[in-house]
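# Examination of the molecular architecture
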Amino acid sequence: KAVVSTQSTGMLLAERQISAEEACTGGLVTRVFPEDTFRAEVDKVVSYMAKLPPQSMVISKGLVRQELKEKLLEVNTRECVTLRDRWLSDECMTAIMNFLNRKKK
């Protein structure tokens, strides 16, 4: 999903690490496997997917991703405008000057 959950927003803004379970609950990953069976579980998934018709997989993946790609490009455009505006703000200039003038420890 292109929509970021509250949990992932908090993680990004606060630079907080989350557990695999939290990532799954928040929709950042689709599955979580125990460490001791991780390789075997991944091999099962890969083996299953390898048996699917390749062209159907490519086409299906393209259809699913096209909508996501369009949404991401739209969001990226808005973020670039916002970023440009923030870089040109007095607040940003003050923060840069404070950073450059900080005392070395």
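The structure presented is a predicted model; accordingly, all values stated were derived computationally and were not measured. (Residues numbered from 1 in each chain as written. Predicted model: local features only at pLDDT ≥ 70, side-chain atom pairs only at ≥ 80, totals over all residues. Heavy atoms only, no water.)

Right, let's talk about the overall build of the chain for a bit. Looking only at helices and strands, one finds five helices and zero strands in the chain. Traced from its N-terminal end to its C-terminal end, the chain shows the element sequence α-α-α-α-α. Computed over the C-alpha atoms, the radius of gyration of the chain is 21 Å, more than 25% above the 13 Å expected from 2.2 N^0.38 for a compact globule of 105 residues. Each of the three principal axes of the chain carries a C-alpha extent, and together these read 60 × 35 × 25 Å. Within the chain, the fraction of its 105 residues that count as buried is 7%. When the accessible surface of the chain is split by element, carbon and sulfur atoms take 61% of a total near 9700 Å². Looking at the chain, you have 17 positive and 14 negative side-chain charges, and the mean spots of the two groups are 4 Å apart. (Helix = DSSP H or I, 4+ residues; strand = E, 2+ residues; numbered from the N terminus. Rg over C-alpha atoms; globule rule 2.2 N^0.38 Å. Buried < 20%, exposed > 50% of the residue type's maximum accessible area, 1.4 Å probe, protein only. Areas by Shrake-Rupley, 256 points an atom, 1.4 Å probe, with all protein chains shown as cover. Lys, Arg positive; Asp, Glu negative; His and termini not counted. Charge placed at Lys NZ, Arg CZ, Asp CG, Glu CD.)

Aromatic ring pairs are reported here in terms of the distance separating the ring centres and the angle at which the planes meet. The final tally for this structure, using the stated rule, is one aromatic pair. Cation over ring: Arg102 sits above Phe99, and NZ or CZ is 3.9 Å from the ring centre. (Phe/Tyr/Trp six-rings, centres within 6.5 Å; stacked < 30°, edge-to-face > 60°. Lys NZ or Arg CZ within 6 Å of the ring centre and 35° of its normal.)

When the charged atoms of two side chains with opposite charge come close together, those side chains can pair. Summed over the entire model, instances satisfying the criterion amount to six salt bridges. Taking the shortest distance from any N to any O, the salt bridge between Asp85 and Arg84 comes out at 3.1 Å. Assessed through its relative accessible area of 39%, Asp85 is described here as partly exposed. In this structure, Glu91 and Arg86 form a salt bridge, with 2.0 Å as the shortest nitrogen-oxygen distance. (Salt bridge = Lys/Arg side-chain N within 4 Å of Asp/Glu carboxyl O.)

This part covers a nonpolar patch on the surface. A surface patch of nonpolar side chains, about 420 Å² in accessible area, is lined by Met93, Met97, Phe99 and Leu100. If you trace the backbone, Phe99 turns up in helix H5 (residues 90-100). (Patch = residues over 30% accessible without salt bridge, like charges linked within 9 Å, V, L, I, M, F, W, Y side chains within 5 Å.)

Moving on to the environment of Pro54. By secondary structure assignment, the location of Pro54 is in helix H4 (residues 54-87). C-alpha separation for the pair Pro54 and Asn98, spaced 44 residues apart in sequence, amounts to 55 Å.

Once that is clear, we can look at the side chain of Ser89. Mapped onto the secondary structure, Ser89 falls in the loop between H4 and H5. A polar side-chain atom of Ser89 sits 2.7 Å from the main-chain carbonyl oxygen of Arg86. (Polar contact = N/O pair within 3.5 Å; in protein donor to acceptor, adjacent residues only side chain to side chain.)

Moving on: the environment of Glu41. Here Glu41 shows up in helix H3 (residues 38-50). Judged by its relative accessible area of 24%, Glu41 is partly exposed. In the structure, Glu41 is positioned 22 residues away from Leu63 in sequence and 27 Å away in space, judged by C-alpha atoms.

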